[in-house]
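One letter stands for each residue in the lines below.
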Amino acid sequence: MKADLKCLTSTEMEIWAKEMGLDPYRGRQIRQWLFKRLTVSFDEMTNLSRSHREILKERARIDHLEVVKTQTSEDRTTKFLFKLADGLSIESVLIPEQDHFTICISSQAGCAMGCRFCLTAKQGLKRNLSSAEIIDQVIHVKRSMQNPEKITNIVFMGMGEPLANYDNVIRAVHNIVADNGLNFSHRKVTLSTCGLVPKIRAMGRDTSINLAVSLNASDNETRDFLMPINQKYPLHDLLSACRDFPLPHRKMITFEYILIRDVNDQEKDALRLAKLLAGIRAKINLIPLNQTAGVEFAEPSMDRILSFQEILLNKNFTAIIRKSKGQDISAACGQLSGQTL
Ligand code: SAH
């Protein structure tokens, strides 16, 4: 099997170049082509001789995703539908902010976690993405832009549970933050998880990117019902992993809380949430549920949402109401299905 060069770390790349009979600095040149110039073919690597390029073509590959469709929403959010080599599809979302863009990327085709409110869950897990497929989403979206450097933030909040594909995700993160990789600041990269406790602990050791936890409930009964993973890693274990999570440069853990009418939106839920997070440097993102086909819940009234927020603010938490973007093109949180509508 030929090596996919985007999967290699910088050290591995140099070793690989050596094995191919090339000088180690050729490895660094190749990484420049891949990650700085966003090259998708060996023929474009013009500072390598023709014979070197032939060696590369024989021994290595640069896979790339096929863009099947892009859709832009009224709020300028753009959704990219990609086809993988085996025919499966995934989606990435480019989200315009005031002076920069955030890209939301997928880590798996489908998802095994079964959260009741999420459309991706309905299709089950198809497979893990390779680290090249993860990184390629960023490369492709950048290639489609006039000012690709405007993408400063990456969130692992697309399809899939990133910590269930731990090794490939961590490998991709390595090349996302490496200065001879895509060179993103680790402070601007956030991984969101439904709560795989042992992997949260591993992530704290292995990377310095930000952690976001999809909490969505403040008691085990409700969370068990909404998110089956809670039966394996209940709130007590999850919160203790969060308390232990090393925070020096990351400053805060983000907790996402989808507000669902009559399920988790009452005053008592907010008070319990405040208690649960006491002592954690927490930022709470309140996301009114996005109604999607096949999901049986509704979003609360605006009054209810505001009073939920008020309670948290009164307890001195940072609590932000986040209407997710791109709803009209099914690009919002929980709406990614990898299907053209
Ligand atoms: N599996 C990871 C990454 C996916 S992130 C995780 O669970 O964190 C997707 C985010 O969208 C999560 O915070 C999730 O809680 C939120 N989400 C899922 N379905 C949603 C819906 N229908 N409405 C609003 N937010 C939703």
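Cut-off values and rules
- Residues numbered from 1 in each chain as written.
- Predicted model: local features only at pLDDT ≥ 70, side-chain atom pairs only at ≥ 80, totals over all residues.
- Heavy atoms only, no water.
- Domains from an automatic or database assignment.
- Contact = heavy atoms within 4.5 Å.
- Buried area = accessible area lost by both parts, 1.4 Å probe.
- Salt bridge = Lys/Arg side-chain N within 4 Å of Asp/Glu carboxyl O.
- Polar contact = N/O pair within 3.5 Å; in protein donor to acceptor, adjacent residues only side chain to side chain.
- Helix = DSSP H or I, 4+ residues; strand = E, 2+ residues; numbered from the N terminus.
- Axes fitted to C-alpha atoms, helices over the stretch in contact; angles between N-to-C directions.
- Parallel < 35°, antiparallel > 145°, perpendicular 65-115°, else oblique.
- Nonpolar A, V, L, I, M, F, W, Y, C, P; charged D, E, K, R; others polar.
- Phe/Tyr/Trp six-rings, centres within 6.5 Å; stacked < 30°, edge-to-face > 60°.
- Buried < 20%, exposed > 50% of the residue type's maximum accessible area, 1.4 Å probe, protein only.
- Lys NZ or Arg CZ within 6 Å of the ring centre and 35° of its normal.
- Left-handed = near helix turned anticlockwise from the far one by under 90°.

### Quick word on the domain arrangement of the protein chain
How big an interface is tends to be stated in terms of the accessible area lost upon association of its parts.
Thinking step 1. Once the domains are mapped, the protein chain shows domain 1 (3-61) and domain 2 (66-329).
Thinking step 2. Using only C-alpha atoms to locate each centre, domain 1 and domain 2 end up separated by 33 Å.
Thinking step 3. The partner domain 2 presents 16 residues to the 14 residues of domain 1 that form the contact.
Thinking step 4. Together domain 1 and domain 2 conceal approximately 1,400 Å² of surface at their shared face, both sides included; 52% is due to carbon and sulfur atoms.
Thinking step 5. Three residues stand out in domain 1 for area buried against domain 2, namely Lys6, Phe35 and Leu38, and they jointly supply 42% of the buried area on that side.
Thinking step 6. At the junction of domain 1 and domain 2, the tally comes to two salt bridges.
Thinking step 7. Glu12 is the salt-bridge partner of Arg171, the closest N and O atoms lying 2.7 Å from each other.
Thinking step 8. Across the contact surface, domain 1 and domain 2 share ten residue pairs in polar contact (both at pLDDT 80 or more).
Thinking step 9. When contributions to the side of domain 1 that touches domain 2 are tallied by element, the ones reaching two or more residues are helix H1 (10-19) and helix H2 (24-36).

### Some points on the packing of helix H7 (residues 197-206) against helix H10 (residues 235-244)
Thinking step 1. It is at 9 Å that the axes of H7 and H10 come closest, and there the two elements cross at 5 degrees. Considered as vectors, H7 and H10 are oriented roughly parallel to each other. Every residue of H10 that contacts H7 at Val197, Ile200 and Arg201 is listed here: Asp237, Leu238, Ser240, Ala241 and Asp244.
Thinking step 2. Each residue belonging to the contact of H7 with H10 can be placed in one class, and the counts come to four nonpolar, one polar and three charged.

### Structural notes on the packing of aromatic side chains
Thinking step 1. As enumerated under the stated definition, the model contains three aromatic pairs in all.
Thinking step 2. When the centroid spacing of 6.1 Å and the interplanar angle of 85 degrees are considered together, the rings of Phe225 and Phe297 count as edge-to-face. Placement of the pair is Phe225 in helix H8 (residues 220-226) and Phe297 in the loop between strand E13 (282-288) and helix H12 (302-314), with a sequence separation of 72 residues.
Thinking step 3. Judged by relative accessible area, which is 36%, Phe225 ranks as partly exposed.
Thinking step 4. Taken together, a centroid distance of 5.1 Å and an interplanar angle of 35 degrees make the contact between Tyr257 and Phe308 tilted. Taken together, the positions of Tyr257 in strand E12 (residues 253-259) and Phe308 in helix H12 put the pair 51 residues apart, joining distant regions of the chain.
Thinking step 5. The side chain of Arg37 reaches across the aromatic face of Trp33, ending 4.3 Å from its centre.
Thinking step 6. Between the NZ or CZ atom of Lys199 and the centre of the ring of Tyr166, over which it lies, the distance is 5.2 Å.

### Some points on the packing of helix H11 (residues 267-276) against H12
Thinking step 1. Two elements in contact, H11 and H12, have axes separated by 9 Å at closest approach and are oriented at 30 degrees. Between H11 and H12, the angle is such that the two are roughly parallel. Crossing of H11 against H12: the hand is right-handed. For the pair H11 and H12, contact is made by Glu267, Asp269, Ala270, Leu271, Leu273 and Ala274 and by Phe308, Ile311 and Leu312, respectively.
Thinking step 2. Across the contact of H11 with H12, the residue classes tally to seven nonpolar, no polar and two charged.

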